[in-house]
Amino acid sequence: METTDAFEGLSCVDCGETFDAGTATHRCPDCDGILDPRYDLDRIDLTPADLAARPGESMWRYEELLPFTREAAVTLGEGDTPLVECPALAEAMGVGRVLLKDEGANPTGTFKDRGQSLAMTAAREHGASEVALNSAGNAGQAAAAYAAHADIDAHVFLPSRAGFTQKAMTEVHGADLTVTDPVGGNSQIGDAGKAYAAAMDDNPDWYSTKTFVTPYRHEGKKTMALELLEQLDWEAPDAVVYPTGGGVGLVGMHKAAREARELGWSDDLVPMYAAQAAGCAPVVDAYEAGADRHEPLADDEVDTACNGIAIPDPGASPLILEAIRESDGGAVATTDREILDAAITVAREEGLEVGATCAAAASGAFALAESGEFGPDDTVVLLNTGAGNKDVDTLRAHLGESEA
């Protein structure tokens, strides 16, 4: 395997055991916990000045803090996304600055590309010929794209409620798509998960690129925080508001902020705020209850049009809650109407297109500002995890209802 100099292997976040990345590929062999890439940061001979002299190109400009080398990467140029000033939103919220990190600029239109780039690199390094995952939608499309680029067959399991764009492009990229049948309505992410698990039992040679099954999805997404900090001259903002379903990106960003602080690149952690839809807010409920783990929702309790964050049972909630608390962040839930209204506001006030799901960050930020969480001099970053055209039908329908 073509690994980087500082990459030491994989550590289980539950039992603490460490494993060689060449043999441990997914969950912990001892306790089935989540494996996390670990580094000897003392071996990283890199400074912010060195990074400033590098071209942007992609997230692989941070290869020293990734497990695999740039030469080994399965990449479509993901990362290096813009951080856009939003003065109208700042004025409306009553804060010093609002910036939007626009992950819609990635190759398949979402931040999922970062995670799939690294996960697909691991799959190829391990000699996989077929990969599989279930997804709410965007990760499935991204996996299909990166598998095609790596000449690997992909098997993608989506719920019927996934968007048309994600279903269509998964097939356009050549993946084998299974859309789970609705049971009493639209099928949910859990239904897709059950179909994926059954297929994995029948096909043990398939290599999973599923969230927190592969150790590499959150590791790819940590590059969002490295970019954000570099774009802010390595000064942490006062808040990053992140639309949270499975929370993979939030966990990854917090890890990157810790590494940047340990390397001496940044003085402070990045305060992370989880934003969820009120109709599916297990992380917010756990945070407000002071719990260390969420209480799963039943599929029939999910009541939100925001498909990407309609995750009733986020398995890594302990890591999400730890990141929120350690970074001195928070959690907030807003209604679908507030979320979709926020998407329209961002489009009309700033000209930026955010996905319906992603607008939870904007509506959450408005709610946090109104509650007094943010001050008049604060810098608030909204994480737009996907392009507006991912949810064009939802946004247009809401616009029609609100203007009727």
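Reading the values: rules and limits
- Residues numbered from 1 in each chain as written.
- Predicted model: local features only at pLDDT ≥ 70, side-chain atom pairs only at ≥ 80, totals over all residues.
- Heavy atoms only, no water.
- UniProt positions renumbered as here; feature names shortened; annotations may be inferred.
- Core = buried A, V, L, I, M, F, W, Y, C linked by side-chain atoms within 4.5 Å.
- Buried < 20%, exposed > 50% of the residue type's maximum accessible area, 1.4 Å probe, protein only.
- Domains from an automatic or database assignment.
- Contact = heavy atoms within 4.5 Å.
- Salt bridge = Lys/Arg side-chain N within 4 Å of Asp/Glu carboxyl O.
- Helix = DSSP H or I, 4+ residues; strand = E, 2+ residues; numbered from the N terminus.
- Pairing = 2+ DSSP bridges.
- Axes fitted to C-alpha atoms, helices over the stretch in contact; angles between N-to-C directions.
- Parallel < 35°, antiparallel > 145°, perpendicular 65-115°, else oblique.
- Left-handed = near helix turned anticlockwise from the far one by under 90°.
- Nonpolar A, V, L, I, M, F, W, Y, C, P; charged D, E, K, R; others polar.
- Buried area = accessible area lost by both parts, 1.4 Å probe.
- Right-handed = clockwise from strand over helix to strand, strands pointing away.

- Going by what an unreviewed UniProt entry lists, the chain is known as Threonine synthase and is assigned to Halorubrum halodurans.
- Under the Cofactor (unreviewed entry) heading, UniProt states for the chain: "pyridoxal 5'-phosphate".

Focus on the nonpolar core
- Core analysis: the largest hydrophobic core is formed by 84 residues, its most contacted members being Met120, Val131, Tyr216, Val240, Tyr242, Leu250 and Met253.
- Both domains that furnish three or more residues to this core are identified here as domain 1 (83-110 + 215-403) and domain 2 (129-205).
- Among residues more than four places away in sequence, those in contact with Leu250 are Tyr242, Thr244, Met272, Tyr273, Ala274, Ile320, Ala323 and Ile324.
- The next biggest cluster of nonpolar side chains, apart from the first, holds 34 residues, and it includes Val241, Tyr273, Ile339 and Leu340.

What to know about the pattern of salt bridges
- In the structure shown here, the tally under the stated rule is 15 salt bridges.
- For Asp36, the salt bridge is made with Lys255, and the minimal N-O distance between the two is 2.9 Å. On the criterion of sequence distance, the pair formed by Asp36 in strand 3 (residues 35-39) and Lys255 in helix 9 (residues 248-262) is long-range, its members being 219 residues apart.
- On the basis of relative accessible area, Asp36 is assigned to the buried category, the value being 6%.
- Put simply, Glu227 and Lys101 hold a salt bridge, and the shortest N to O gap is 2.7 Å. One end of the pair, Glu227, is in helix 8 (residues 223-231); the other, Lys101, is in strand 5 (residues 97-102), and 126 residues separate them in sequence. Pair check on accessibility: Glu227 and Lys101 agree, each one buried.
- Taken together, the shared-partner salt bridges in this structure form one network comprising Asp36, Arg38, Glu219, Lys222, Lys255 and Glu259.

Side note on the side chain of Thr223
- Mapped onto the fold, Thr223 is located in helix 8.
- With relative accessibility at 0%, the residue Thr223 sits in the buried group.
- Thr223 has contacts with Met59, Tyr62, Leu66 and Arg114, leaving out every residue within four places of it along the chain.

Some words on the sheet that holds strand 1 (residues 7-12)
- Read from one edge of the open sheet, three strands run 2-1-3, paired in antiparallel fashion. The open sheet has two free edges, formed respectively by strand 2 (18-19) and strand 3, since each of these has just one partner strand.
- In terms of strand pairing, strand 1 meets strand 2 through two bridges, oriented antiparallel. Paired with Ser11 across the strands is Thr18, a residue of strand 2.

Quick word on the environment of Leu399
- Counting through the fold element by element, Leu399 comes out in helix 14 (residues 392-403).
- Counting along the chain gives 75 residues from Leu399 to Ile324, while the straight-line C-alpha distance between them is 33 Å.
- If sequence neighbours within four positions are ignored, Leu399 has contacts with Ile344 and Arg348.

Points about the packing of helix 10 (residues 282-289) against helix 11 (residues 317-326)
- Close contact between helix 10 and helix 11 brings their axes to 10 Å; oriented N to C, the two are set at 55°. It follows from the interaxial angle that helix 10 and helix 11 lie oblique. For the pair helix 10 and helix 11, the crossing hand works out as right-handed. Residues Val283, Ala286 and Tyr287 of helix 10 form the contact with helix 11, whose participating residues are Ile320, Leu321, Ile324 and Arg325.
- Grouping the constituent residues of the contact of helix 10 with helix 11 by class yields six nonpolar, no polar and one charged.

Remarks on the domain arrangement of the chain
- By the assigned domains, the chain splits into domain 1 (83-110 + 215-403) and domain 2 (129-205).
- The distance between the C-alpha centroids of domain 1 and domain 2 comes to 25 Å.
- Counting from both sides, the interface comprises 16 residues of domain 1 and, opposite them, 17 residues of domain 2.
- Counting each side, the surface lost to burial between domain 1 and domain 2 is near 1,200 Å², with a carbon and sulfur contribution of 46%.

Side note on the pairing of strand 11 (residues 272-277)
- Counting buried residues along strand 11, six of its six residues qualify, which places the element largely inside the surrounding structure.
- On strand 11, burial covers both faces: Met272, Ala274 and Gln276 on one face and Tyr273, Ala275 and Ala277 on the other are all buried.
- Across four bridges, the pairing between strand 10 (residues 239-243) and strand 11 is parallel. Each residue of the ladder has a partner; that of Val241, found in strand 11, is Tyr273.
- For the segment spanning strand 10, helix 9 and strand 11, crossover handedness is right-handed.
- Examined bridge by bridge, strand 11 and strand 12 (residues 330-334) share five bridges and lie parallel to one another. The residue of strand 12 that forms the bridge with Tyr273 is Gly330.

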